[in-house]
Amino acid sequence: MQHRTVLEMMTHRVVTVSPSTPLKEIARLLVEHGISAVPVVDEDLRVLGVVSEADLLRDTSELPSLRGRWAGVRLLSRERGVPGAETAAELMTSPAVSARPGWNLVETARTMHREGVKRLPVLDDTGRLAGIISRTDLLRPFLRGDAAIRDEIEHDVLAGTLRLAPGTLDVTVDDGIVTLTGHVDERADIPVIARLCRSVDGVVALHESIDYGYGYDNLALDVERPRRTPPAGSRDGGPADRPTAEAETPVRGRNG
């Protein structure tokens, strides 16, 4: 089972600006290309920062109102001594929060959520811009068909990773919602199975109704699985195979 990576999902042709690009030109690029931010790069395609639509709106909000009062609350414009920035270099957020081509989509989504951004520039091993990934890109796996999801769960997860015999569990997928039914030997296997199946790209939710065998609950008890006592006369150490006291002690005669 392999998760989709940033390299597979990112946009390779990226709209960029230079540090000297005027803000009006940046606004035009955002509207024209339907994007929410642009990386600011130097001549070697090294990312210096990012200018987003939020940056442009925040800069505008600091302009004085018609009554001469400041509409914004930030002190940045006072520190600069001017109402707002004029170029990308003056307004960009730096350093830019970035991603790597090998990241999985879960890691990327968490970074976006933590940093409060909608897209991340993707840097290669040399630190140069390789692409960009957005929230929209992260939604693409949810467009996978139910048949593809079921096939990956059955072949890659259950058979490939968990080595379960065919038919051990029944898998149904409806609009990305996975249902697992069947029987496994140990209860502790159930959350592992559910977690791995839930992590398959495109799975919206997972429901399971899996029984476990022999009435043994190794999830609640931190003990080894009890061994079943073999029947008498078996080769597994039953009474027929254990020597009796008489057999172990030689019989001596009166003169012995």
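Each value, and the rule that gives it
Residues numbered from 1 in each chain as written. Predicted model: local features only at pLDDT ≥ 70, side-chain atom pairs only at ≥ 80, totals over all residues. Heavy atoms only, no water. Helix = DSSP H or I, 4+ residues; strand = E, 2+ residues; numbered from the N terminus. Buried < 20%, exposed > 50% of the residue type's maximum accessible area, 1.4 Å probe, protein only. Contact = heavy atoms within 4.5 Å. Pairing = 2+ DSSP bridges. Polar contact = N/O pair within 3.5 Å; in protein donor to acceptor, adjacent residues only side chain to side chain. Axes fitted to C-alpha atoms, helices over the stretch in contact; angles between N-to-C directions. Patch = residues over 30% accessible without salt bridge, like charges linked within 9 Å, V, L, I, M, F, W, Y side chains within 5 Å. Areas by Shrake-Rupley, 256 points an atom, 1.4 Å probe, with all protein chains shown as cover. Salt bridge = Lys/Arg side-chain N within 4 Å of Asp/Glu carboxyl O. Left-handed = near helix turned anticlockwise from the far one by under 90°. Nonpolar A, V, L, I, M, F, W, Y, C, P; charged D, E, K, R; others polar. pLDDT = per-residue confidence, 0-100. Core = buried A, V, L, I, M, F, W, Y, C linked by side-chain atoms within 4.5 Å.

Which residues make up the overall build of the protein, and what are the values?
For the protein, the helix and strand inventory stands at 10 helices and 7 strands. Put simply, the protein has 256 residues, and 30% of those count as buried. Of the contacts formed within the protein by residues at least 6 apart in sequence, a portion of 58% connects residues at least 24 apart.

I'd like a description of the pairing of strand 3 (residues 119–123), backed by residues and values.
Side-chain positions along a regular strand alternate between the two faces of the sheet. Within strand 3, 5 of the 5 residues are buried, which leaves it mostly tucked inside the rest of the structure. Both faces of strand 3 are covered, namely the face carrying Arg-119, Pro-121 and Leu-123 and the face carrying Leu-120 and Val-122. Turn length for the strand 3-strand 4 (residues 129–134) hairpin, with the two strands adjacent in sequence and antiparallel, is 5 residues, and the turn residue Gly-127 shows positive phi of about 85°.

Describe the side chain of Asp-137, and please don't skip the residues or the numbers.
With respect to the secondary-structure elements, Asp-137 resides in helix 7 (residues 135–139). In terms of polar contacts, Asp-137 uses its side chain to reach the backbone amide nitrogen of Ser-134, at 2.9 Å. Not counting the four nearest positions on each side in its chain, Asp-137 is found in contact with Met-9, Met-10, Thr-11 and Ile-132.

Which residues make up the sheet that holds strand 6 (residues 177–184), and what are the values?
One open sheet holds the 3 strands; their spatial order is 5-6-7, and the pairing between them is mixed. Here the strands that pair on one side only, and so sit at the sheet edges, are strand 5 (169–174) and strand 7 (205–212). For this sheet, the mean inter-axis angle between neighbouring strands, taken without regard to orientation, is 10°. Note: strand 6 against strand 7, 8 bridges, orientation parallel. Within strand 7, the residue paired with Val-184 across the bridge is Tyr-212. Contacts from helix 8 (residues 146–161) reach strand 5 and strand 6 within the one sheet, and its direction differs from that of strand 5 by about 155°. Contacting strand 5, strand 6 and strand 7, helix 9 (residues 189–198) crosses the sheet at an angle of about 155° to strand 7.

Account for a nonpolar patch on the surface, with residues named and values stated.
The grouping of Leu-139, Phe-142, Ile-177 and Val-204 at the surface amounts to a nonpolar patch, some 350 Å² of accessible area in total. By secondary structure assignment, the location of Phe-142 is in the loop between helix 7 and helix 8. Residue Phe-142 is classed as partly exposed on the basis of its relative accessible area of 47%.

Give me the lowdown on unusual backbone geometry, citing residues and values where you can.
A negative phi angle is the norm for most residues apart from glycine, just as the trans form is the norm for most peptide bonds. The amide bond that connects Ser-94 to the next residue, Pro-95, takes the cis arrangement and shows omega of 0°. Among the structural elements, Pro-95 can be located in the loop between helix 5 (88–91) and helix 6 (105–115). A positive phi angle, close to 65°, is found at Leu-45, a residue other than glycine. Tracing the sequence through the fold places Leu-45 in the loop between strand 1 (37–41) and strand 2 (47–52). Overall, Leu-45 belongs to the partly exposed group, its relative accessible area being 40%. Unusually for a residue other than glycine, Asp-175 sits at a positive phi of about 55°. Mapped onto the elements of the fold, Asp-175 is located in the loop between strand 5 and strand 6. For Asp-175, a relative accessible area of 63% translates into the label exposed.

Kindly report on the packing of helix 8 against helix 9, identifying the contributing residues and their values.
With their axes 10 Å apart at the nearest point, helix 8 and helix 9 run at an angle of 145° to one another. Like other packed secondary-structure pairs, helix 8 and helix 9 cross with a definite hand, here right-handed. Between helix 8 and helix 9, the contacting residues are Ile-153, Val-157, Leu-158 and Thr-161 on the first element and Ile-193, Leu-196 and Cys-197 on the second. Here the residues of the contact of helix 8 with helix 9 sort into 6 nonpolar, 1 polar and no charged.

How would you sum up the confidence of the model for the protein? Please name residues and give values.
Here the protein averages 81 in pLDDT, while 72% of its residues score no lower than 70. Across the protein, the element-wise mean pLDDT spans from 42 in helix 4 (residues 76–80) up to 97 in strand 5. Contacts for the low-pLDDT stretch residues 73–83, under 50 throughout, to residues beyond four places or in other chains number 15 contacts. Long-range and interchain partners of residues 237–256, a stretch whose pLDDT sits below 50, account for 10 contacts in this model, where long-range means more than four residues apart.

Outline the nonpolar core, supporting the account with residue identities and numerical values.
For soluble globular proteins, nonpolar side chains are generally found buried alongside one another. With 18 residues, the main nonpolar core has Ile-153, Leu-158, Val-178, Leu-180 and Cys-197 as its most contacted residues. Within the residue set of this core, elements represented by two or more residues are helix 8, strand 5, strand 6, helix 9 and strand 7. The residues touching Ile-153, leaving out its near neighbours within four places in the chain, are Leu-158, Val-171, Val-178, Cys-197 and Val-200. With 13 residues, the next largest nonpolar core counts Leu-29, Leu-30, Ala-88 and Leu-91 among its residues.

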